[in-house]
Amino acid sequence: EPEVTQTPSHQVTQMGQEVILRCVPISNHLYFYWYRQILGQKVEFLVSFYNNEISEKSEIFDDQFSVERPDGSNFTLKIRSTKLEDSAMYFCASSQGFNQPQHFGDGTRLSIL
Amino acid sequence: AQTVTQSQPEMSVQEAETVTLSCTYDTSESDYYLFWYKQPPSRQMILVIRQEAYKQQNATENRFSVNFQKAAKSFSLKISDSQLGDAAMYFCVITGTASKLTFGTGTRLQVTL
């Protein structure tokens, strides 16, 4: 069965550095998402992406964050000037259509030191 | 805005027994979807079951079934014949016209011998 793949599985970064989290969605999916889960807290929506543009973003997704689909397969989340509170598990998801079930990757654990 | 409440942080069930996980939600939208996702220790988020709000019939998926009470805004998950592999964190999730998922805080299910 096709899967969403995320790399790396664990990223350790110094505070203030930039980090790029990578995702390869399922190939025939058209909608892409990023979520994050701070340790011990609920999963929170960050951003959705369709037709090469952001379709919705949450309050969390401020100017520090950006997303990109640089080619036909990758979907990336960039965090500029990381802060300690950015430490979390970041999940990528994709779906075939609007309100279709979202399929999640295994997540990237981001640790900011 | 949509909210999801899971009032049971932890539940335990014996192998082969039945367990019900509770969930209530709030939404101002008339068209929405409800899901249960499972997150085992391997951390991948796996879709368990899906319910369209416009359908009166409760969704079932093998040993998993839901009790969807639209007027009460309740969406419980019943797991029959529980297996050790069912041990995981279970999230109740809602989505509406925006397609983003809103998660509950989760219920950790333990399955004992």
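Up top is the structure.
Predicted model only: the values in this text are computed from it and were never measured. (Residues numbered from 1 in each chain as written. Chains lettered and ligands numbered in written order. Predicted model: local features only at pLDDT ≥ 70, side-chain atom pairs only at ≥ 80, totals over all residues. Heavy atoms only, no water.)

## Things to note about the overall build of chain A
A count of helices and strands for chain A gives zero helices and 11 strands. The helix and strand sequence of chain A, counted from the amino end, reads β-β-β-β-β-β-β-β-β-β-β. Computed over its C-alpha atoms, the radius of gyration of chain A comes to 13 Å, within 12% of the 13 Å expected for a compact globule of 113 residues. For chain A, the C-alpha atoms occupy an extent of roughly 35 × 30 × 30 Å along the three principal directions. Put simply, chain A has 113 residues, and 48% of those count as buried. Partitioning the contacts of chain A with sequence separation of at least 6, the portion at a separation of at least 24 is 53%. A total of about 5,700 Å² of accessible surface is found on chain A, and carbon and sulfur atoms cover 46% of it. (Helix = DSSP H or I, 4+ residues; strand = E, 2+ residues; numbered from the N terminus. Rg over C-alpha atoms; globule rule 2.2 N^0.38 Å. Buried < 20%, exposed > 50% of the residue type's maximum accessible area, 1.4 Å probe, protein only. Contact = heavy atoms within 4.5 Å. Areas by Shrake-Rupley, 256 points an atom, 1.4 Å probe, with all protein chains shown as cover.)

## Topic: the layout of surface pockets
Taking a probe equal in size to a water molecule and rolling it over the atoms shows the remaining empty space. Here the largest pocket defines a volume of roughly 400 Å³. Together, 18 residues line the largest pocket, and Gln 37 and Leu 39 of chain A together with Gln 39, Met 89 and Arg 108 of chain B are the ones closest to its centre. Secondary structure elements with two or more residues in the lining of the largest pocket: strand E10 (88–95) and strand E12 (107–112) of chain B. With three residues, E10 of chain B is the largest single contributor of residues to the lining of the largest pocket. (1 Å grid on protein atoms, 1.4 Å probe; cavity = no way out; pocket = protein on both sides within 12 Å on 5 of 7 lines; lining within 4 Å. Points joined across faces, edges and corners; volume = space filled by probe spheres on them.)

## Considering the interface of chain B and chain A
Each partner contributes residues to the interface: chain B has 21 residues there, and chain A has 20 residues. Buried area between chain B and chain A, both sides added, is near 1,900 Å², and the carbon and sulfur share of it is 51%. Counting the contacts that link chain B with chain A gives one salt bridge. Breaking the side of chain B that touches chain A down by element, the ones donating at least two residues are strand E5 (33–39), strand E6 (46–52), E10 and strand E11 (101–103) of chain B. (Buried area = accessible area lost by both parts, 1.4 Å probe. Salt bridge = Lys/Arg side-chain N within 4 Å of Asp/Glu carboxyl O.)

## A word on the sheet that holds strand E7 (residues 65–68) of chain A
All names here are of chain A. Read from one edge to the other, the open sheet built from four strands follows the order E1-E3-E8-E7, with strand pairing classed as antiparallel. Edge strands, defined here as strands with exactly one partner in the open sheet, are strand E1 (5–7) and E7. Between one strand axis and the next, the sheet turns by 20° as a mean value, whatever way the strands run. Bridge count for E1 against strand E3 (residues 19–24) is three bridges, and the pairing is antiparallel. In the sheet register, Gln 6 faces E3, and the bridge partner there is Cys 23. (Pairing = 2+ DSSP bridges. Axes fitted to C-alpha atoms, helices over the stretch in contact; angles between N-to-C directions.)

## Notes on the environment of Ser 30 of chain B
Mapped onto the secondary structure, Ser 30 of chain B falls in the loop between strand E4 (24–26) and E5. The spacing of Ser 30 of chain B and Thr 97 of chain B is 67 residues in sequence and 9.3 Å in space, taken between C-alpha atoms.

## Some thoughts on the nonpolar core
Membership of the largest hydrophobic core comes to 25 residues, with the highest contact counts inside it found for Tyr 25, Trp 36, Ile 49, Phe 75, Leu 77 and Tyr 90 of chain B. Broken down by secondary-structure element, the contributors of at least two residues to this core are strand E3 (19–21), E5, E6, strand E8 (64–69), strand E9 (74–79), E10 and E12 of chain B. Counting residues per element, this core draws most heavily on E10 of chain B, at four residues. Formed by 23 residues, the second largest nonpolar core is a distinct cluster that contains Val 19, Cys 23, Phe 32 and Ile 112 of chain A. (Core = buried A, V, L, I, M, F, W, Y, C linked by side-chain atoms within 4.5 Å.)

Purely spatial values, then, with no claim about function.
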